[in-house]
Amino acid sequence: MATGRVLLGSLLLLILHLDLRGGPGAWGASVAEEELLSEPVVDRGTRRPQLDARPRRALAGPCQLWSLPLPVAELGLGYTSEETVIFRYCAGSCPRGARTQHGLTLARLRGQGRAHGGPCCRPTRYADVAFLDDRHRWQRLPQLSAAACGCGG
Amino acid sequence: MASCLAPALLLLLLLGSPTNVAPNRCVDAADACTADARCQRLRTAYVVQCLGRAAPGGCPRARCRRALRRFFARGPPELTHALLFCPCGGPACAERRRQTFVPSCAFSGPEPAPPSCLAPLDACEHSRVCRPRLLAFQASCAPVPSNPDGCLRDQVPSCLRAYAGLVGTAVTPNYVDNGSARVAPWCDCGASGNRREECEVFRGLFTRNRCLDRAIQAFDGGWPSVLHDQLDPHQDPEHSLLQVSSADASLEGSSMLSMLPVLALQPLL
């Protein structure tokens, strides 16, 4: 069983390697492990994001909500649970800042070189996450996951 | 071709870190619910309500129960039922199943000892919400002595649905321990006076009901295959390898993606 697994693994890795050298587009963008497992939330509906929504480089696309299924231990917050939670975050480029008076003025100043930085993609709303831990106690993490994104600043 | 291999590669990447844990169907059910936006939202909602604090130091039982009823009413039934009826082989799984709807708030009362069953029964009879659900449960899960096997034909789905409808009512039932699949409401028939028989009959609907037991056990056979495909990373290594080796032959033609819509249309329980 183990040898079979190794063989299958090396076979697929070989094909992947060949493909990477061959095609610049399809796989090149998904090299980073985060992109490999993270998918943009395409619609606000109830269905899980489709497997074929190939994520482009996070920063090349517009500011949008991404979701990453994570085992609870990988949240890095000290909880242990067998469950997997969906962690959502915001990433992407912000060509324009917020359409507020602050944003408009700041954009103008940046254009003139009198102010630093740029608008950034950040969550505008958060959601709670809850799970049953290894000691069979319910844990609630308020406002852990992003629920909506916007370009701020 | 690369896009077809991506899911298989993902599976293999995850195979690379084998954790030799026995499959926990209740964890699988939790993950499947998390993966569905509606189920996840409703589940988090009831957990948040049931973990809240109420004025005298207990929990907001009414709000907790209402959120639970909403979970089972509005959540996708194949996912919500999987959380409630996940089949278990060991105490860890069974304890998780017992804790699934935050029983410390929704099930056990504020007093340490269970009340007489006549109390929740009377409360249910007078409740606009509970009474029809209890009647539906009695109709769907009652033993039928005239039938050859003692239960209604094709009873499993409607009985399970009726049982799930009782969660969050005055007669909320739950698994009694983490060693079996026996269920009961939070009450006993100790102090029932001259209504003892009535009390025992009511309690027997849960504790001495072969048809209900059979329906709960039968959920194992109806484990929705839609869950298997939502849970690729969490199958045990053996199972995942089986999927890859049988799938890689057909990967040329179809992709995993095209299977998803087909499986999503699986008939509900």
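In what follows, the structure referred to is the one given above.
Presented here is a report on the structure given in the accompanying data block. (Residues numbered from 1 in each chain as written. Chains lettered and ligands numbered in written order. Predicted model: local features only at pLDDT ≥ 70, side-chain atom pairs only at ≥ 80, totals over all residues. Heavy atoms only, no water.)

We now examine the packing of helix α8 (residues 118-125) of chain B against helix α9 (residues 130-141) of chain B. Each pair of packed helices can be described by the angle between their axes along with the distance between the axes. Residue and element names in this part refer to chain B. Where α8 contacts α9, the two axes come as close as 7 Å, and the packing angle between them is 110 degrees. As the angle between them shows, α8 and α9 are arranged roughly perpendicular. Contact residues: L121, C124 and E125 in α8; C130, R131 and L134 in α9. A class-by-class count of the residues in the contact of α8 with α9 yields four nonpolar, no polar and two charged. (Axes fitted to C-alpha atoms, helices over the stretch in contact; angles between N-to-C directions. Helix = DSSP H or I, 4+ residues; strand = E, 2+ residues; numbered from the N terminus. Parallel < 35°, antiparallel > 145°, perpendicular 65-115°, else oblique. Contact = heavy atoms within 4.5 Å. Nonpolar A, V, L, I, M, F, W, Y, C, P; charged D, E, K, R; others polar.)

For the rest of this paragraph, the subject is the packing of helix α2 (residues 25-35) of chain B against helix α3 (residues 37-50) of chain B. All names here are of chain B. Between α2 and α3, the shortest axis-to-axis distance is 5 Å and the interhelical angle comes to 110 degrees. As the angle between them shows, α2 and α3 are arranged roughly perpendicular. Packed against α2, whose contacting residues are A30, C33, T34 and A35, the element α3 presents A37, C39, Q40 and R43 at the interface. Looking at side-chain class alone, the contact of α2 with α3 contains five nonpolar, two polar and one charged residues.

The next thing to look at is the pattern of salt bridges. A full pass over the atoms with the stated rule returns nine salt bridges over all chains. Note that E83 of chain A and R96 of chain B form a salt bridge whose closest N and O atoms lie 2.7 Å from each other. Of this pair, E83 of chain A sits in the loop between β2 (64-71) and β3 (84-91) while R96 of chain B sits in helix α6 (residues 91-99), each in a different chain. When sorted by exposure, E83 of chain A lands in the same class as R96 of chain B, which is buried. The partner of R140 of chain A in a salt bridge is D128 of chain A, and the shortest N-O contact between them spans 2.9 Å. Taken together, the residues span a long stretch of sequence, with R140 of chain A in strand β5 (residues 138-152) and D128 of chain A in strand β4 (residues 120-132) at a distance of twelve residues. Its relative accessible area of 35% is what places R140 of chain A among the partly exposed residues. Within the structure, one salt-bridge network assembled from shared partners comprises E83 of chain A together with R43 and R96 of chain B. (Salt bridge = Lys/Arg side-chain N within 4 Å of Asp/Glu carboxyl O. Buried < 20%, exposed > 50% of the residue type's maximum accessible area, 1.4 Å probe, protein only.)

Moving on, we get to the nonpolar core. Y46, F137, F202 and L212 of chain B are the most contacted members of the largest nonpolar core, which totals 56 residues. Ignoring anything within four residues of it in the chain, the contact list for F137 of chain B reads A142, A162, Y163, L166, L205, F206 and L212 of chain B. Core analysis: the second largest hydrophobic core is formed by twelve residues, L68, V85, A91 and V129 of chain A among them. (Core = buried A, V, L, I, M, F, W, Y, C linked by side-chain atoms within 4.5 Å.)

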